[in-house]
Each structure stands twice: as structure tokens, then as C-alpha cells.
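# Inside the fold
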Amino acid sequence: MDRRNFLKYVTLAGSSFVLTSCVQGKKSKSQGEVYPSASPVAVNEPLKVGFVYVGAVGDFGWTYAHDLGRRDMEANLQDKVKTTFVENVNERADAERVIRQLALDGNKLIFTTSFGYMNPTIKVAKDFSEVVFEQCTGYKRAANVGTYLGRFEEPRYLTGMIAGKMTKTNVVGFIGAYPIPEVIRGINAFTQGVRLTNPQAKVKVLWVQSWYDSGKEREAAQALLNLGADVLTQHTDSNAVVQLAEEKGIYAFGYNTDMSKFGQKAHLTSTINKWGKFYTDKALAVMSNIWKSQDVWDGIGEGMVDISPMNQAIPADVQQLVNGKRDEFIQGTAHPFNGPVKDQKGVVRVSKGKVLGDREQLAMDWYVEGIEGSIPKGKQY
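Being a predicted model, the structure only gives us computed values, none of them experimental.

Definitions and limits used
Residues numbered from 1 in each chain as written. Predicted model: local features only at pLDDT ≥ 70, side-chain atom pairs only at ≥ 80, totals over all residues. Heavy atoms only, no water. Pairing = 2+ DSSP bridges. Helix = DSSP H or I, 4+ residues; strand = E, 2+ residues; numbered from the N terminus. Contact = heavy atoms within 4.5 Å. Axes fitted to C-alpha atoms, helices over the stretch in contact; angles between N-to-C directions. Buried < 20%, exposed > 50% of the residue type's maximum accessible area, 1.4 Å probe, protein only.

All right, on to the sheet that holds strand 9 (residues 202–207) then. An order of 14-12-11-10-8-9-17 is seen for the seven strands of this open sheet, with the pairing classed as mixed. If you trace the sheet from one side to the other, it starts and ends with strand 14 (305–307) and strand 17 (371–372), each paired once. With four bridges joining them, strand 11 (residues 251–256) and strand 12 (residues 267–273) adopt parallel strand pairing. In the sheet register, Tyr255 faces strand 12, and the bridge partner there is Thr271. The sheet strands contacting helix 5 (residues 181–197) are strand 8 (171–176), strand 9, strand 10 (231–235), strand 11 and strand 17, and the helix crosses strand 9 at an angle near 160°.

As C-alpha cells, this is what we get:
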């Protein structure tokens, strides 16, 4: 989850999250507190860069996308950097030990790529002031810790537009990982897109309480199919949902990377993450001693997120409609939460002519109109 200006407490699902910052606006870039860079890298030595992954590099999802970014950075900077990664690092038991060891091993820039690494990153950073840390999806920063995330809600909205046009049953299924604002925001943006092109469609959500569990994801996808869904999407990391859709003759969207090879007929497009430029830029900033602690939250226009090539099964007029909205996101003339936006109870949360600000998006704990079901309560993550 991404966070902006002033201190705020928000309670979600029984857990308290401290938001160190929030900024209003449609397309903020690299906003946040500014601190001096950590110590410069030794002259003529490659910058050692470490990565901590929550899954396996072969998951073809979240971790695979980050590793593609790491490889892009290596290709861009060649012998100027030397990278290493540790995969399948548990967010609770192992994270601090792994992050600390990477710092002890001489890595001067460390990317910790999952929300659960936030507190361990902050803890280790206090003991290694000469090391720069970048934490993905978190909201806590320090003099040597920055945060980053993509505006996934933009491509989510676009996939929702496609789903609204492709469903025949008017039931669209969404498999969620954990009910935190980052995931809820994506579900809501997707539903906004669905309702734009098909006001009669409903979105049903099932939660698997895991970022990556192909078995649970497949079971949830089958359950949604049993409830009438003929289009599926996910905020989880495996390709199981796309594979099941291919087997059952329905449609699905991939997530994190282009998953078309797992369902040539079923796969409509994917919401994709593109980390290579960001990783390259941060490494260059450290090497040039100009790195600053910031919160980067960038969208399609900045090249951090997008959709993959669309399946030709999508009618040409629908593709044109989606590409038009994509251009509007890039230009800043559209937003996934342009008003009017109503919640499940019909209460207007964003009035006509207004836009849901970053601060409200980052604390999102409610469903928009068009979603069936409720957000799980109690501690979930």
C-alpha cells in the first residue's frame, strides 16, 4: 500500500495502520519527505544491490515481475551493478534475518518487495545508515528508506471495462489476497470499469488469505464459476485462475505479468507491473549520491503499470474504447474514481465533478456499488 503527506491513523479490519503521509491529486509522482542520500558508493566498484522476494522467481506473477525489473536494471547498467536476490522469504519469520544479512554482505541498495517486509526493513535500516532501502507497497519511511508502488487501479479499471463487455451472465468473479486498502482499491477500480460498460453486471469477491497459493486460487475460481461468473480476475500471484478459465471455456485476466501463454483463448489481457526503469533510476541515484527518501506512486503515464496486449477475441470497438480511456489516464483527464461514486449502500462517496483523493484511496475500506458480498472483518494480515 502506498502512503502520502501528514500523520494519520486508520483502522482497517481490526488492525491499526499508521499512515505517514498522503497527498491529494490525480497523478502524483515521487512525492514524500526528502532526506540526504546515504553514503556514496566507492569509486570504480559496482553497486551491490539486493532483492528480497516473497515468492519464487518462477511464479510468473508478482515476484517474477520484480525479477524482470532486476534483470532490466542489470541490462541497463551492466558492470556498474552487481545484484543478488533471495526468494521465498516469509514475511514474518525470516524477513528481518534475510534483510540484515544482505546489508552485512555489503549491498548498498536493498529492495524489499512485499508489504509484510515493511517493519523489518525499518528495523534493519536503523542499524545500517549507510545502506539505502526501497520498500514496495509499504507506507513507513526513514532517512534511508523509501517506498514505492504502481497505480494498479488504472489498468484495473481498463480490465473492468473489458469484463463488462465480455460477460454473458453479468457475473464477474474477483479472487482477492488480503482485505487491505491496496487490494480493495483494485477491486473497486475494476468494478468501476465494469459498471461503465455494463451497469447490469455484478462483481463477486472471494478471499484466499494468501498472496500465492495456486490451490486456493483455483478453488476460489471454481467457486466463483459455480456462482455464475464467466469472467474471472485476481489480486493473487499464480496463473491458476487463467489456467482454470482455459479449461472451463470462460475468460480471465492475468495479474503482474502477461499470462497469455497459460490460456491462449481464455486470457483477455493482464494488469502488468513494470519495475525496470524504477530500479535503474534508483541505482543511478545511489551511485550519483543524489538518492532521496520518497514515496513513489506512479501510473501508466510514468510507465510503472499497464495492460498487456489484448486478446483479439475482444471486439475492435471495445479495444478502441479501452485504448481511449488509457490515453485519458496518461493525459490525466480521467481517474478510476471520477465522481459520482456510490458505495454498496447507495451513499455517494464522491460527488459528480470530483475525484477520490489519494488520502481516501489509501484508507479504502468500503466497496463501491456493484460488488456483492462484504469485506471480511477482524485481523486478516
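On to the environment of Val172. Along the chain, Val172 turns up in strand 8. Here Val172 falls in the buried class, since its relative accessible area comes to 0%. Linking Val172 and Ala252, residues 80 residues apart in sequence, is a C-alpha distance of 9.5 Å. With residues up to four places along the chain from it excluded, the contact list for Val172 reads Ala163, Thr167, Phe190, Lys202, Val203, Lys204, Ala229 and Val231.

On to the sheet that holds strand 6 (residues 132–136). Sheet architecture is open: six strands sit in the order 4-3-5-6-7-13, paired in parallel fashion. Lying at the two open borders of the sheet, with one neighbouring strand each, are strand 4 (81–86) and strand 13 (295–298). Averaged over neighbouring strand pairs, the angle between their axes works out to 20° when direction is ignored. With four bridges joining them, strand 6 and strand 7 (residues 145–150) adopt parallel strand pairing. In the sheet register, Gln135 faces strand 7, and the bridge partner there is Thr147. Helix-sheet contacts for helix 2 (residues 95–104) involve strand 3 (47–52), strand 4, strand 5 (109–112) and strand 6, and the interaxial angle to strand 3 is about 175°.

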